Amino acid sequence: MQELKDRILKDGKAIGTDILKVDSFLNHQIDVKLLDNIGEEFRKRLYTQDVNKILTVEASGIAIACAASRAMGYLPVVFAKKAAPKTMISGSYTAEVVSFTKGTQTMIRVGKEFLGPQDRVLIIDDFLASGEAAFGLLNILKQAGAECLGIGAVIEKEYQGGSAKLRAMGYNVASLAVITSIENGKINFK
Ligand code: 5GP
């Protein structure tokens, strides 16, 4: 997606060779027009009539998943939570995920009432790096008996291996900007 690549080059900040900061338009302040175009691009790349739900992780994934939902006819968005609130009373599906940016292990959870065998789901997130978050969400879908029809990332860092692993397992992965390396602050795209 050219508009996204241009914006990454203009406003993205490389942190070493492994992390890209996009706080000025995606992760802290949000450019809503760009976000809506991202939603539309996900519709073109991933939507089929069979999809009935979108799954993401709090917090950065939520706005992106909502943009995709609007473009796809207002599909329900479910987001995995990183803490267990007292309102989660009917049981939950859980998975351990190692955070790429923090290096810590987090338990993500989805209430059992929001996912089940009837669901055909798109997973949407901001970044795809090693694939930990996606594998955690796939684990939750498996526990629910739900099917994954596609995985969408706004930004993929291809060299961190997540997309190759997911594709080798047969998943349909769509990334709107694919970074092949970050060298001396320079961001290289596929
Ligand atoms: P993965 O689980 O695929 O290793 O990494 C994806 C998750 O880690 C995303 O949910 C995202 O929040 C975070 N992440 C991974 N790489 C980056 C990065 O370069 N920049 C930012 N801001 N977040 C990242």
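Refer to the structure above for everything that follows.
Residues numbered from 1 in each chain as written. Predicted model: local features only at pLDDT ≥ 70, side-chain atom pairs only at ≥ 80, totals over all residues. Heavy atoms only, no water.

### Side note on the layout of surface pockets
Over the atoms a probe the size of a water molecule is rolled, and this reveals where empty space is left. Operational definition: Residues are called lining when one of their atoms sits within 4 Å of a cavity or pocket point, these points coming from a 1 Å grid over the protein atoms alone, where a cavity is a set in which a 1.4 Å probe fits but cannot get out and a pocket is an open set with protein on both sides within 12 Å along at least five of seven lines. Grid points are joined across faces, edges and corners, and a volume is the space filled by probe spheres set on the points. The helix count covers DSSP runs of H or I at least four residues long, the strand count covers runs of E at least two residues long, and both are numbered beginning at the N terminus. Asp, Glu, Lys and Arg are counted as charged, while Ala, Val, Leu, Ile, Met, Phe, Trp, Tyr, Cys and Pro are counted as nonpolar; the rest, among them Gly, fall into the polar class.
One number sums up the size of the largest pocket: a volume of about 840 Å³. What lines the largest pocket is a set of 38 residues, and nearest its centre among them are Ser 60, Ser 99, Phe 100, Thr 101 and Asp 126. Contributing elements (two or more residues each) for the lining of the largest pocket: β2 (19–21), α2 (23–27), α4 (60–71), β5 (92–98), β6 (105–111), β7 (120–128), α5 (132–144) and β8 (147–157). Take the lining of the largest pocket: its biggest share by element is five residues, from β7. When its residues are assigned to classes, the lining of the largest pocket shows 19 nonpolar, ten polar and nine charged. Around the second largest pocket, the lining comprises 13 residues; the ones closest to its centre are Phe 79, Lys 81, Met 88, Gly 111 and Phe 114. For the lining of the second largest pocket, the elements supplying multiple residues, two or more each, are β4 (77–80) and β6. Along the lines of polarity and charge, the residues of the lining of the second largest pocket split into eight nonpolar, two polar and three charged.

### Digging into the packing of helix α3 (residues 32–46) against α4
As a reminder, the rule being used: Here an axis means a line fitted to C-alpha atoms, over the contact stretch when the element is a helix, while the angle between two N-to-C directions is reported on a 0 to 180 degree scale. Just so you know how the angles are binned, under 35 degrees is roughly parallel, over 145 roughly antiparallel, 65 to 115 roughly perpendicular, and the rest oblique. Less than a right angle of anticlockwise turn of the near helix away from the far helix marks a crossing as left-handed, whereas a clockwise turn marks it as right-handed. In what follows, a contact means two residues having at least one pair of non-hydrogen atoms within 4.5 Å.
The interhelical angle for the contact between α3 and α4, taken along N-to-C directions, is 60 degrees, at an axis separation of 7 Å. In terms of orientation, α3 and α4 fall into the oblique class. In this structure, the crossing between α3 and α4 has a hand that is right-handed. For the pair α3 and α4, the contacting residues are Leu 35, Asp 36, Ile 38, Gly 39, Glu 40, Phe 42 and Arg 43 in the first and Ala 63, Ile 64, Ala 67, Ala 68, Arg 70 and Ala 71 in the second.

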